[in-house]
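Summary of structural features
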Amino acid sequence: MNTHSLTAEATEPFEADPLAERARLLTDLARAYRLFGVLRWGELGDGHITCRDPVRADHMWLLRYGVTFERATVDDLVLVGPDGTAVDQHGRTAPINNSAYHIHHPIHEARPDVGAVAHTHTQWGTPFSAERRMIEPINQEATCFVDDHVLFDDEEVQILSTDGGKRIAAALGDCRTAILANHGLLTVGSSPADAVGWFVLAERVAEVQMKAREAIPISAEGARIAQEDLTRGDFGWNLFGWATRRHLAYEFA
């Protein structure tokens, strides 16, 4: 997985006008949900991706509850306030997955550098989380997570309030990825594309961890060298670009 030349050249765009930047981020947020849907994640409404609003930084955007991931559009995204109330883009009260607020809001609040949070229950991330162990550098992609992930080893698997979310945020610290014990994976990033690119990679890594039960880890030095080379530039955003071009090809026709 050599992305050196790609990440050296391709960088995530940014709009100086906050309203234009909001439009760009929401386009990617809706696309991120569709990617989850195509990958058969969140088929029962489990999981959520949030994006910090560039105009009102204490608010976040989320998919309206009841919309299936693969059909998500920008018009289906709703704005969630710091008190958990949500309105659609016409100012009408909108339903949301309350767990998204309980988990994501405290992370956005604790981490001003985080623009987006992604979490859902996946085929490999969830069983991996049930083993309550850390990612080992047993393959190339796993090196990307060395010293940049945590295990949230907590008995509250059903996060019923923002207190649980605060504990997740505290465990996450300044890392990018959390393994929620008996629950699944969670990633953060500067944008929806960044967070989801890393999430897709984390799921691939979880699969390898579950399948290669007698793997011999890469040395600490070898893992560090690989990590520094692989993750340079807008790595997560580039991964998101590859994944969407592959799985949402009709959008790029």
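Look above for the structure.
Residues numbered from 1 in each chain as written. Predicted model: local features only at pLDDT ≥ 70, side-chain atom pairs only at ≥ 80, totals over all residues. Heavy atoms only, no water.

**Brief notes about the overall build of the protein**
Across its full length, the protein carries 8 helices and 8 strands. Relative to its length of 253 residues, the protein is compact, with a C-alpha radius of gyration of 17 Å against a globular reference of 18 Å. With the principal axes as the frame, the protein shows a C-alpha extent of 55 × 45 × 30 Å. Looking at the protein as a whole, 53% of its 253 residues are labelled buried. Counting only contacts in the protein whose residues sit at least 6 apart along the sequence, the fraction spanning at least 24 positions is 70%. Surface exposure of the protein reaches about 11700 Å², of which carbon and sulfur atoms provide 52%. Within the protein, one finds 23 positive and 37 negative side-chain charges whose respective centroids are separated by 4 Å. (Helix = DSSP H or I, 4+ residues; strand = E, 2+ residues; numbered from the N terminus. Rg over C-alpha atoms; globule rule 2.2 N^0.38 Å. Buried < 20%, exposed > 50% of the residue type's maximum accessible area, 1.4 Å probe, protein only. Contact = heavy atoms within 4.5 Å. Areas by Shrake-Rupley, 256 points an atom, 1.4 Å probe, with all protein chains shown as cover. Lys, Arg positive; Asp, Glu negative; His and termini not counted. Charge placed at Lys NZ, Arg CZ, Asp CG, Glu CD.)

**Details of the sheet that holds strand S4 (residues 86-87)**
With mixed pairing, 8 strands are arranged side by side in an open sheet as S4-S3-S2-S1-S5-S8-S7-S6. On the outer flanks of this sheet lie S4 and strand S6 (149-152), each paired with one strand and no other. Where strand S7 (residues 177-180) and strand S8 (residues 184-189) come together, 4 bridges link them in antiparallel fashion. Bridge pairing links Leu 180 to Gly 184 in S8. Across the sheet, helix H2 (residues 18-38) touches strand S1 (48-52), strand S2 (60-63), strand S3 (77-80) and strand S5 (116-120), and the angle it forms with S1 is around 170 degrees. (Pairing = 2+ DSSP bridges. Axes fitted to C-alpha atoms, helices over the stretch in contact; angles between N-to-C directions.)

**Thoughts on the packing of aromatic side chains**
Counted by the stated rule, this structure contains 6 aromatic pairs. Summarising the aromatic geometry, the rings of Tyr 33 and Phe 69 are spaced 5.1 Å apart at their centres and angled 70 degrees between planes, so their arrangement reads as edge-to-face. With Tyr 33 in helix H2 and Phe 69 in the loop between S2 and S3, this residue pair connects regions lying 36 residues apart in the sequence. Like Tyr 33, the residue Phe 69 is buried in the burial classification. For the pair Phe 36 and Trp 41, a centre-to-centre distance of 5.2 Å together with 70 degrees between the ring planes defines the contact as edge-to-face. What makes Phe 36 buried here is its relative accessible area of 0%. The structure contains a cluster of three or more aromatic residues connected by ring pairs, namely Phe 36, Trp 41 and Phe 199. Sitting over the ring of Trp 242, Arg 245 keeps its end group 4.8 Å from the ring centre. (Phe/Tyr/Trp six-rings, centres within 6.5 Å; stacked < 30°, edge-to-face > 60°. Lys NZ or Arg CZ within 6 Å of the ring centre and 35° of its normal.)

**So, the pairing of S1**
Within S1, 5 of the 5 residues are buried, leaving the element largely enclosed by the surrounding structure. Side chains His 48, Thr 50 and Arg 52 project from S1 onto one buried face, and the interleaved Ile 49 and Cys 51 project onto a second face that is buried too. Relative to S5, S1 is paired through 4 bridges, and the arrangement is antiparallel. Bridge pairing in S5 places Cys 51 opposite Ala 116. Looking at chain direction, S1 and S2 are connected through 2 bridges and run antiparallel.

**Digging into unusual backbone geometry**
Phi is mostly negative for residues that are not glycine, and the peptide bonds are mostly trans. Although it is not a glycine, Arg 40 adopts a positive phi angle of roughly 65 degrees. Structurally, Arg 40 is set in the loop between H2 and S1. The residue Asp 147 is not glycine, and still its phi comes out positive at about 60 degrees. Position of Asp 147 among the secondary structure elements: in the loop between helix H4 (125-130) and S6.

**A word on the environment of Ala 94**
Looking at the element boundaries, Ala 94 is found in the loop between S4 and helix H3 (98-110). Assessed through its relative accessible area of 11%, Ala 94 is described here as buried. With 15 residues separating them along the chain, Ala 94 and Leu 79 place their C-alpha atoms 8.7 Å apart. Not counting chain neighbours up to four residues away, the residues in contact with Ala 94 comprise Val 78, Ala 86, Val 87 and Asp 88.

**Section: the pattern of salt bridges**
According to the stated counting rule, one finds 22 salt bridges in the structure shown. Residues joined by salt bridges that share partners form a network here, namely Glu 12, Glu 21, Arg 24, Asp 28 and Arg 31. (Salt bridge = Lys/Arg side-chain N within 4 Å of Asp/Glu carboxyl O.)

All quantities given are derived from atomic positions and should not be read as evidence of function.
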